[in-house]
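Remarks on the overall topology
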Amino acid sequence: MPERIWYLLSLKLSGEATKAELDEFYALLEANPEWETAIQQITRYWLQSPMPTQQAQSGQDLWNKHQQRMQAAGIEWADPELVTTAELEEISLERSTPRIWLWRSLSVAAIFLFALAGWWIFRPASETKREIAAINQNQVSTRPASKTKLTLPDGSKVWLNASSKLTYGNGFGEKHREIWLEGEGYFDVAKNKQIPFVIHTSRMDVRVTGTVFNVRAYAQEPTSETALIEGSVEVTLSNDKSKKFYLKPKQKLVVDEHGLVNGAKEMPSLRVTPAAFTASLQALAKPLEDNQVVETAWVYNMLSFSDESFRQVANKFEKWYAVEIRFEDPELEELRFTGSFRDETLSEALKAMQLTTPGTPFGFVVRERQVTIQKAR
Amino acid sequence: MHYDRLHIQELQHAIATSEDQQAYAELFARFAPQLIRFTKAIVQQQEVAEEIVSDVFIRIWEKRKSLDHVQHLKMYLYVSARNFSLNYLRSKNRQFSLQVEQLDLDMASFYADPHEEAVGSELRHELLNAVQQLPDRCKMIFKLVKEDGLKQKEVAELLHLSPKTVENQLAIALKKLAEAVQAAALFRVKK
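So, a few notes on the structure that sits alongside this text.

Definitions and limits used
- Residues numbered from 1 in each chain as written.
- Chains lettered and ligands numbered in written order.
- Predicted model: local features only at pLDDT ≥ 70, side-chain atom pairs only at ≥ 80, totals over all residues.
- Heavy atoms only, no water.
- Phe/Tyr/Trp six-rings, centres within 6.5 Å; stacked < 30°, edge-to-face > 60°.
- Helix = DSSP H or I, 4+ residues; strand = E, 2+ residues; numbered from the N terminus.
- Buried < 20%, exposed > 50% of the residue type's maximum accessible area, 1.4 Å probe, protein only.
- Lys NZ or Arg CZ within 6 Å of the ring centre and 35° of its normal.
- 1 Å grid on protein atoms, 1.4 Å probe; cavity = no way out; pocket = protein on both sides within 12 Å on 5 of 7 lines; lining within 4 Å.
- Points joined across faces, edges and corners; volume = space filled by probe spheres on them.
- Expected span 1.5 Å × (residues − 1).
- Axes fitted to C-alpha atoms, helices over the stretch in contact; angles between N-to-C directions.
- Parallel < 35°, antiparallel > 145°, perpendicular 65-115°, else oblique.
- Contact = heavy atoms within 4.5 Å.
- Nonpolar A, V, L, I, M, F, W, Y, C, P; charged D, E, K, R; others polar.
- Pairing = 2+ DSSP bridges.

According to the stated counting rule, one finds 18 aromatic pairs over all chains in the structure shown. Ring centres of A:Phe172 and A:Phe197 lie 5.9 Å apart, and the angle between their planes is 85°; on these two criteria the pair is classed as edge-to-face. Within this pair, whereas A:Phe172 is found in the loop between β6 (165-169) and β7 (177-188), its partner A:Phe197 is found in strand β8 (residues 197-200), the two being separated by 25 residues in sequence. Assessed through its relative accessible area of 0%, A:Phe197 is described here as buried. Over the ring of B:Phe31 we find B:Arg30, and its NZ or CZ is 4.8 Å from the ring centre.

This is the structure we're talking about:
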């Protein structure tokens, strides 16, 4: 193993690698595949934020002490009650912490999750909303294969999945609670009956006053979803404001740009076809364990899918492993899979999928960050 | 970590031009915990570290009108914390003229990884062990890049090391970690 790979890895991890250095890194990695597991473990560890130690105090506590010191230094402070905001920490990539935290929050708030895509590109936003977005906007975004947990100024918490973007204007939490999402997020919304929390996406708006939910909405994916686990939520379609949907627990709303909905026959209750979008309500994919559902598994660092096409699974892999996946034969995209992965490498995951498919109809080639799925020979 | 650089600059600008107290509070919330952690590694006392970081932020407020001239606020905060820490240590012990590269570091307390119960995988457990076993200075470089999000050159500047030293130390750290995981993975296969 050439020593240079460790230098290149350090540049990659600290975000300082040039394109040429990344290419060199992947070439070295390809020549030494036995290091893939180790390098992937290190990368996951790297993306995880440090945990506060036991002695570490809360931000508020530190801030209070700091204010006392400021006063002692003779500094006039207009608002001693000022609360610090924008604490940001990356999601723990291990399952334990978010799980404990989540189940605690379950008792005080409802949980729901939903997905939406591409508002920034497609949404014919009203002028005022566009203004909010354009002026003084705060933006948090995640890279491929990384996740972020953040606390919004109103105290609401968001887990932002890979390749996602969250935008909100100044005054959030005081004058409004409107937020724009592209990608996938899991929200725990702080209760506030006066100011509703609204999530805007290309295909739908979701309005709540206090609950917890997850959103999947990648611009390049053909459907957007809102799935509710507990509590209630109101969804409005972007292209037809008169259409409102009230989700019940364990339901999700799927909105499709072309009126084509996969697996429409499985949908128990509702299907409408407004001008451009089709929306349908369906039951959430069945629980994995401990009331977890497939839609929220990513929060626990699990990559899960339930009776999904290979193309859909590949979309998830692309974000999870930061790769690009191409199918040589479109037939293969229609293979269906159910499963979940956690610590597996991409190769391990694809091998497991090969093994569980009768007749092993596909093979794969991983070349740098390009994966090609081929018909088995 | 992924907080937009842009956003930090916005806070800086709001503090400088409109004495925005909310922006100042956000800046504090964003950086105080990690600055205290860094400072504590140098001065080795929690209370002292908190006071030093408070002083750094008081200085920021006092100089708010010229804050827009600061090129890279994050680095400015770290360098200030380092200088204040060295001043503190010198004031405690006048016969030494301490330099940052000669310091004893208390890495165990504040740069500790979470104690994991049986939740992490075997490989992860090995990885965390290997991180713990890195030599102090190597670990500090590693953690300043990983957890504080500093660039390699910034760490070199902050710790008065050559950029080459930082590069080498980081590469050594990653190699050690990879070897530990690799060994555990092989062991697992054999079992």
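Following the structure, the description resumes.
Glancing now at empty space enclosed by the protein. This model, assessed by the stated rule, comprises three cavities of 30 Å³ or more. Roughly 50 Å³ of internal volume is contained in the second largest cavity. If you go around the second largest cavity, the residues you meet are A:Leu62, A:His66, A:Arg69, B:Phe28, B:Ile36, B:Glu50, B:Val53 and B:Ser54. For the lining of the second largest cavity, the secondary structure elements donating two or more residues are α4 (59-72) of chain A together with α2 (21-43) and α3 (46-62) of chain B.

With 20 residues, helix α4 (residues 73-92) of chain B should cover 28 Å at 1.5 Å per step; its first-to-last C-alpha distance of 28 Å lies within 8% of that length. Taking burial as the measure, the 20 residues of α4(B) include 14 buried ones, the bulk of the element.

Now for the packing of α4(A) against α2(B). Put simply, α4(A) and α2(B) touch, their axes get as near as 10 Å, and they point 105° apart. It follows that α4(A) is roughly perpendicular to α2(B) by the angle criterion. Contacts between α4(A) and α2(B) involve A:Leu62, A:Trp63, A:His66 and A:Met70 from the former and B:Tyr24, B:Ala25, B:Phe28, B:Pro33 and B:Ile36 from the latter. Tallied by class, residues from the contact of α4(A) with α2(B) come to eight nonpolar, one polar and no charged.

It is worth spelling out the pairing of strand β4 (residues 148-151) of chain A at this point. All names here are of chain A. Summarising the sheet, β4 and strand β5 (residues 157-160) pair through four bridges and their orientation is antiparallel. Within the sheet, the bridge partner assigned to Lys-149 lies in β5 and is Trp-159. Hairpin connection, β4 to β5: the antiparallel pair is bridged by five residues, and Gly-155 has positive phi, about 95°.

To continue, consider the sheet that holds strand β21 (residues 370-375) of chain A. Residue and element names in this part refer to chain A. In space, the three strands of this open sheet follow the order β18-β21-β20, with mixed pairing throughout. At either margin of the open sheet sits one strand with a lone partner, and together these are β18 (324-327) and β20 (362-367). Geometrically, the sheet is characterised by an average inter-axis angle of 20° between neighbouring strands, direction not taken into account. The pairing of β20 with β21 spans six bridges and is antiparallel. Bridge pairing in β21 links Phe-362 to Lys-375.

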